[in-house]
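The residues making up each chain are set out below.
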Amino acid sequence: MSLLEEIRQAVIEGQAKVVVPKVEQALAEGMAADVILNDGLISAMAEVGQMFEDGEFFVPEMLIAARAMSAALEILKPQLVAQGVEPIGKVAIGTVKGDLHDIGKSLVAMMLEGAGFEIMDMGVDVSPDAFVGAIQNGAQIVAMSALLTTTMPNMKTTIEAIKTAGLRDDVIVLVGGAPVTEAYASEIGADGYAPDASAAVRKAKALIEG
Ligand code: B1M
C-alpha cells in the first residue's frame, strides 16, 4: 500500500495517532501538501460520507474520522499558510447556525489566511447576530459554510439580519459547502459562491479587488 493510501485508510479508520506521523513522513519525503490534502485527507472524508450513506458508518465513526483529519490538517497548516503576508482584507468565517461541520470551513480559513487575508474564525453554529457583530468589528467579508441542506437556509437568514442591521452595503458575502450551489448563492443574494477552498480564495480576492 502506498504512503498516500495508508494516510487515506488511517483517516477512514479514525486513527489520528497513525495519520499524524504518516503525514509528517510524507512531507519529509517531499510529497506536496496539496496532494496529501486532496488525494489523502479529502478523498478519505468523501469515502467516510459514502459509508455513512450506505449504513456502514454511524455518527461516532464519522466523528473520529473527522478528528483524525483535523489532526492531520494541523501538520499541513504551515505548508498551506504562507508566512508574513500583508493582510489584504478581514474575513469573518464560520459555519452557519445549527451546523457543526467545521473541517471545510477551517480549510477555507487556512487557505484564505495563506493568501494574505486576516481571519476572524467564528467557529461552528454561528448565529446571524454574531456575523452582524463581526461586521461591526471590521470584517469586510462574511464567509459562511453549510454542510447540511437543513442549515443552508440560515445563510439567507444571516443575509437578512445583515440587511436589517443596515450593513449589507458594507460587506461582501461569500458562501460555500457541499450542498450549496452557485444558483442558491444568487437566489439568497450572496455576492459569491465557491465550490472548494482554492476557489474561495480566488473569489474572495476578485470580490475585494472589486
Ligand atoms: Co455529517 N453529514 N452530519 N458529520 N458529515 C455530511 C455533511 C453528510 C453529507 C453525510 C452523508 O449523509 N453522506 C450528511 C448531510 C446530508 C445533507 O444534509 N444533505 C451529514 C449528516 C446527515 C450529519 C448529521 C445530521 C448526522 C446525524 O446526526 N444523524 C449530523 C449533523 C450535525 C450538525 O451539524 N448539526 C452530522 C454530524 C457529523 C459529525 C459531527 C459526526 C462530523 C463533523 C465533524 C467536524 O466537522 N468536526 C460529520 C462529518 C465528518 C461528515 C462528512 C463525512 C465529512 C464532512 C467533511 O469534513 N468533509 C460528510 C460527508 C461528506 O462530506 N462527504 C457529512 C471534508 C471537507 C474538507 O469537505 O466540508 O465539503 P467540505 O468542505 C469543502 C467544500 O464543501 C468547500 O471547501 C471545502 C474544501 O474543499 N467549502 C466551502 C466548505 N465551506 C465553504 C465555504 C466557502 C467556500 C467553500 O465560502 C465561504
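Calculation criteria
- Residues numbered from 1 in each chain as written.
- Predicted model: local features only at pLDDT ≥ 70, side-chain atom pairs only at ≥ 80, totals over all residues.
- Heavy atoms only, no water.
- Helix = DSSP H or I, 4+ residues; strand = E, 2+ residues; numbered from the N terminus.
- Buried < 20%, exposed > 50% of the residue type's maximum accessible area, 1.4 Å probe, protein only.
- Contact = heavy atoms within 4.5 Å.
- Areas by Shrake-Rupley, 256 points an atom, 1.4 Å probe, with all protein chains shown as cover.
- Lys, Arg positive; Asp, Glu negative; His and termini not counted.
- Charge placed at Lys NZ, Arg CZ, Asp CG, Glu CD.
- Near = heavy atom within 4 Å.
- Polar contact = N/O pair within 3.5 Å; in protein donor to acceptor, adjacent residues only side chain to side chain.
- Nonpolar A, V, L, I, M, F, W, Y, C, P; charged D, E, K, R; others polar.
- Domains from an automatic or database assignment.
- Pairing = 2+ DSSP bridges.
- Axes fitted to C-alpha atoms, helices over the stretch in contact; angles between N-to-C directions.
- Parallel < 35°, antiparallel > 145°, perpendicular 65-115°, else oblique.
- Left-handed = near helix turned anticlockwise from the far one by under 90°.
- Core = buried A, V, L, I, M, F, W, Y, C linked by side-chain atoms within 4.5 Å.

S.K.: Would you explain the overall build of the protein in this entry?
M.R.: Looking only at helices and strands, one finds nine helices and five strands in the protein. Overall, the C-alpha framework of the protein stretches about 55 × 45 × 25 Å when taken along its three principal axes. Here the protein holds 210 residues, and the buried ones make up 45% of them. Pairs at least 24 residues apart make up 72% of the contacts formed inside the protein by residues separated by at least 6 positions. Accessible area for the protein stands at about 10,100 Å²; split by element, carbon and sulfur atoms hold 52% of it. In the protein, which carries 14 positive and 29 negative side-chain charges, the distance between the mean positions of the two groups comes to 4 Å.

S.K.: In this structure, what is going on with the site of the ligand? I would like to understand it.
M.R.: Lining the immediate surroundings of the ligand are 34 residues, of which E53, L100, H101, D102 and S145 lie closest. Within the side chain of E53, one N or O atom sits 2.8 Å away from a nitrogen atom of the ligand. Elements supplying a minimum of two residues to the shell around the ligand: α3 (33-53), α4 (59-80), α5 (103-114), β3 (141-145), β4 (172-176) and α9 (197-208). Of all the elements, α3 adds the most residues to the shell around the ligand, at five residues. Of the residues assigned to the shell around the ligand, the class counts are 22 nonpolar, eight polar and four charged. Split by domain, the residues of the shell around the ligand number at least three in each of domain 1 (3-83) and domain 2 (90-209).

S.K.: I would appreciate a short explanation of the sheet that holds strand β5 (residues 192-193) in the present structure.
M.R.: Strand pairs in the sheet, formed through backbone hydrogen bonds, run parallel or antiparallel to each other. Spatially, five strands are ordered β2-β1-β3-β4-β5 in an open sheet, and the strand pairing comes out parallel. Strand pairing shows two members of the sheet lacking a second neighbour, β2 (118-126) and β5, which therefore form its edges. In this structure, strand β1 (residues 90-96) lies alongside β2, joined through six bridges in parallel fashion. Within β2, the position partnered with K90 by the bridge is E118. Where α9 meets the sheet, it contacts β3, β4 and β5, and its direction lies at approximately 165° from that of β4.

S.K.: It is not clear to me how unusual backbone geometry should be interpreted in this structure. Could you clarify?
M.R.: Most peptide bonds take the trans configuration, and most residues that are not glycine carry a negative phi. If you check the backbone angles, D125 has positive phi at about 55° while not being a glycine. Among the secondary structure elements, D125 is positioned in strand β2.

S.K.: Honestly, the side chain of S145 in this entry has me stumped. Any pointers?
M.R.: Relative to the helices and strands, S145 is located in strand β3. We classify S145 as buried; its relative accessible area is 8%.

S.K.: Help me out: how do you make sense of the packing of helix α2 (residues 16-28) against α4 in this one?
M.R.: The description of two helices packed together rests on the angle between their axes and the distance between the axes. Interaxial distance between α2 and α4 falls to 8 Å at its minimum, and their mutual angle equals 25°. Considering the angle they form, α2 stands roughly parallel to α4. By crossing handedness, the relation of α2 to α4 is classed as right-handed. Within the contact between the two elements, α2 uses A16, V19, V20, V23, E24 and L27 and α4 uses A68, A71, A72, I75, L76 and Q79. Residue composition of the contact of α2 with α4, by class: 10 nonpolar, one polar and one charged.

S.K.: Looking at this structure, I do not really get the nonpolar core. What am I missing?
M.R.: If you look at soluble globular proteins, the nonpolar side chains tend to sit buried side by side. Residues V19, V23, L41, L73 and L76 are the most contacted members of the largest nonpolar core, which totals 46 residues. With eight residues, the top contributor of residues to this core is α4. Residue-level mapping places this core at the junction of two domains, with at least three residues from each of domain 1 (3-83) and domain 2 (90-209). Excluding residues that lie within four positions of it along the chain, V19 makes contacts with I7, A10, V11, L41, A68 and A72.

S.K.: How should I be thinking about helix α1 (residues 3-12) in this particular structure?
M.R.: Counting buried residues in α1 gives seven out of 10 residues, a clear majority hidden from the surface. Of the positions making up α1, those classed as buried are L3, L4, I7, R8, A10, V11 and I12. Each element contacted by the buried residues of α1 is listed here: α2, α3 and α4. Following α1 by one or two positions, G14 has its phi on the positive side, about 70°.

None of the figures reported here should be taken as evidence of function without further support.
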